[in-house]
Amino acid sequence: MRLASCLFAKKAKSKHLLVAADSLVSGHRRNIFRERTADKAEFFDYDPFIGQPALYREVKKIRSASWKELKPWVGLDPFKL
């Protein structure tokens, strides 16, 4: 009985999400991490289709992200990659 309750218990929700964001100019898609409680993401980033910065807007949630998945990206500047 104890094993069954452990197996079917609800998991805690993660703090971060992996979301897809589309460029409003060309439709180029970029995946980013954001906090679960934050508003939908809108940001300027380089769009390779037009060769200059463009506005990106979140279109859908892909999945939850744990700290292990997020850790390699913390502290990296996307413009220096």
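Owing to the predicted nature of the structure, the values given are computational and were not obtained by experimental measurement.

Asker: Pulling in residues and values, what's your account of a nonpolar patch on the surface?
Answerer: Nonpolar side chains collect at one region of the surface, where V25, F49 and I50 lie side by side and expose about 310 Å² of accessible area between them. Residue class for I50 comes out partly exposed when judged on its relative accessible area of 35%.

Asker: Go over the sheet that holds strand β3 (residues 42–47) with me, naming the residues and quoting the values.
Answerer: As summarised here, the arrangement of the four strands in space is β2-β1-β4-β3, forming an open sheet in which the pairing is antiparallel. Edge positions in the sheet fall to β2 (29–35) and β3, since each has one partner strand and no second. Strand-to-strand, the axes of this sheet are offset by a mean angle of 45 degrees, without reference to chain direction. Two elements, strand β1 (residues 16–23) and β2, share seven bridges in a ladder whose sense is antiparallel. The residue of β2 that forms the bridge with V19 is I32.

Asker: Describe the environment of E35, with residues and values.
Answerer: Relative to the helices and strands, E35 resides in strand β2. Given a relative accessible area of 46%, E35 falls into the partly exposed group. Between the alpha carbons of E35 and S64 there is a distance of 9.7 Å; along the sequence they are 29 residues apart. With sequence-adjacent residues up to four places away left out, E35 is seen in contact with K15 and H16.

Asker: Hey, could you go over the environment of L24 for me, with residue numbers and the actual values?
Answerer: Here L24 shows up in the loop between β1 and β2. Separated by 33 residues in sequence, L24 and R57 have C-alpha atoms that sit 7.1 Å apart.

Asker: Describe the pairing of β1, naming the residues involved and giving the relevant values.
Answerer: The element β1 is extensively covered by neighbouring structure, given that eight of its eight residues are classed as buried. Along β1, one buried face is formed by H16, L18, A20 and D22 and the opposite face, lined by L17, V19, A21 and S23, is buried too. Connecting the antiparallel pair β1 and β2 is a turn made up of five residues, with G27 showing a positive phi of about 90 degrees.

Asker: An account of the pattern of salt bridges is requested, with residue identities and associated values reported.
Answerer: Inspection of the entire model under this criterion finds four salt bridges. Where D45 meets R30, a salt bridge forms, and the shortest distance between an N and an O atom there is 3.2 Å. Remark: R30 occurs in strand β2 and D45 occurs in strand β3; sequence separation between them is 15 residues. The class for D45 is buried, based on a relative accessible area of 10%. Judged by relative accessible area, which is 25%, R30 ranks as partly exposed.

Parameters and conventions
- Residues numbered from 1 in each chain as written.
- Predicted model: local features only at pLDDT ≥ 70, side-chain atom pairs only at ≥ 80, totals over all residues.
- Heavy atoms only, no water.
- Patch = residues over 30% accessible without salt bridge, like charges linked within 9 Å, V, L, I, M, F, W, Y side chains within 5 Å.
- Areas by Shrake-Rupley, 256 points an atom, 1.4 Å probe, with all protein chains shown as cover.
- Salt bridge = Lys/Arg side-chain N within 4 Å of Asp/Glu carboxyl O.
- Buried < 20%, exposed > 50% of the residue type's maximum accessible area, 1.4 Å probe, protein only.
- Pairing = 2+ DSSP bridges.
- Helix = DSSP H or I, 4+ residues; strand = E, 2+ residues; numbered from the N terminus.
- Axes fitted to C-alpha atoms, helices over the stretch in contact; angles between N-to-C directions.
- Contact = heavy atoms within 4.5 Å.

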